[in-house]
Amino acid sequence: RLGQTQSDNLNAREDAARAPVDVNRFLQDNVARDEAAARLRATPEQAAADFLAPRTAYKSRRNRDYIICAIGFTLFYAVGGQMLGYLNPFLIGFFVMGHAGLAWVLYGVMDRY
């Protein structure tokens, strides 16, 4: 039983009739759906509005969140500096990298929220 086996239809059900894929049938179905959707739209402007709807204007809370987190980081570094008793160069590096990383995450990585 541990010899070679033939596995042409490895994941296929045995009772399923495998009809060949017909690309033209899929394309005709897409065209029929598009024509049916076009009949539901009253005007070409309404049809374009479906695809090019403007984003609703809202005030981003990123600036507020950046300021709150920056104050928190600054307090964390200030308390750390007080606990050490002197100005540690690594603490300054963590301060700069922390604020740069926070700005990158809030303004570069995250989308508007």
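As the structure is a prediction and not an experimental result, all values here were calculated from the model.

## With respect to the packing of aromatic side chains
(1) Moving on: Under the defined criterion, the tally for this structure stands at 4 aromatic pairs.
(2) Moving on: Between Tyr77 and Phe95, the aromatic rings sit 5.4 Å apart at their centres with planes inclined by 75°, giving edge-to-face as the arrangement. Pair noted here: Tyr77 is in helix α3 (residues 62-84) and Phe95 is in helix α4 (residues 89-109), with a separation of 18 residues, a long-range link.
(3) Moving on: By way of ring pairs, the aromatic residues Phe73, Phe76, Tyr77 and Phe95 are connected into one cluster.
(4) Moving on: When the ring centre of Phe26 is taken as reference, the NZ or CZ atom of Arg25 above it lies at 4.9 Å.

## Looking at a nonpolar patch on the surface
(1) Moving on: On the surface, a cluster of nonpolar side chains totalling about 410 Å² of accessible area is made up of Val21, Val23, Phe26 and Leu27.
(2) Moving on: With respect to the helices, strands and loops of the structure, Phe26 is situated in helix α1 (residues 23-40).

## Digging into α3
(1) Moving on: Taking 1.5 Å as the rise per residue, α3 with 23 residues should run 33 Å; its terminal C-alpha atoms sit 32 Å apart, in good agreement.
(2) Moving on: All of the buried residues along α3 are Arg62, Asp65, Ala70, Tyr77, Gly80 and Gly81.
(3) Moving on: Looking at the buried side of α3, the elements it contacts are α4.
(4) Moving on: Positive backbone phi, at 90°, marks Gly85, one or two positions downstream of α3.

## Re the packing of α3 against α4
(1) Moving on: Relative orientation of the contacting elements α3 and α4 amounts to 165°, with a least axis distance of 10 Å. Compared by their axis directions, α3 and α4 come out roughly antiparallel. Pair α3 / α4 crosses with right-handed handedness. Residues Arg62, Asn63, Asp65, Tyr66, Cys69, Ala70, Phe73, Thr74, Tyr77, Gly80 and Gly81 of α3 touch α4, and the partners they reach there are Leu91, Phe94, Phe95, Gly98, His99, Leu102, Ala103, Leu106 and Tyr107.

## Re the pattern of salt bridges
(1) Moving on: Tallying each qualifying case throughout the model produces 2 salt bridges.
(2) Moving on: Taking the shortest distance from any N to any O, the salt bridge between Arg33 and Asp29 comes out at 3.2 Å. Within this pair, Arg33 and its partner Asp29 are both found in helix α1, separated by 4 residues, close to a single helical turn.

Quick notes on the rules
Residues numbered from 1 in each chain as written. Predicted model: local features only at pLDDT ≥ 70, side-chain atom pairs only at ≥ 80, totals over all residues. Heavy atoms only, no water. Phe/Tyr/Trp six-rings, centres within 6.5 Å; stacked < 30°, edge-to-face > 60°. Helix = DSSP H or I, 4+ residues; strand = E, 2+ residues; numbered from the N terminus. Lys NZ or Arg CZ within 6 Å of the ring centre and 35° of its normal. Patch = residues over 30% accessible without salt bridge, like charges linked within 9 Å, V, L, I, M, F, W, Y side chains within 5 Å. Areas by Shrake-Rupley, 256 points an atom, 1.4 Å probe, with all protein chains shown as cover. Salt bridge = Lys/Arg side-chain N within 4 Å of Asp/Glu carboxyl O. Expected span 1.5 Å × (residues − 1). Buried < 20%, exposed > 50% of the residue type's maximum accessible area, 1.4 Å probe, protein only. Contact = heavy atoms within 4.5 Å. Axes fitted to C-alpha atoms, helices over the stretch in contact; angles between N-to-C directions. Parallel < 35°, antiparallel > 145°, perpendicular 65-115°, else oblique. Left-handed = near helix turned anticlockwise from the far one by under 90°.

Keep in mind that these numbers describe shape and distance, not what the molecule does.
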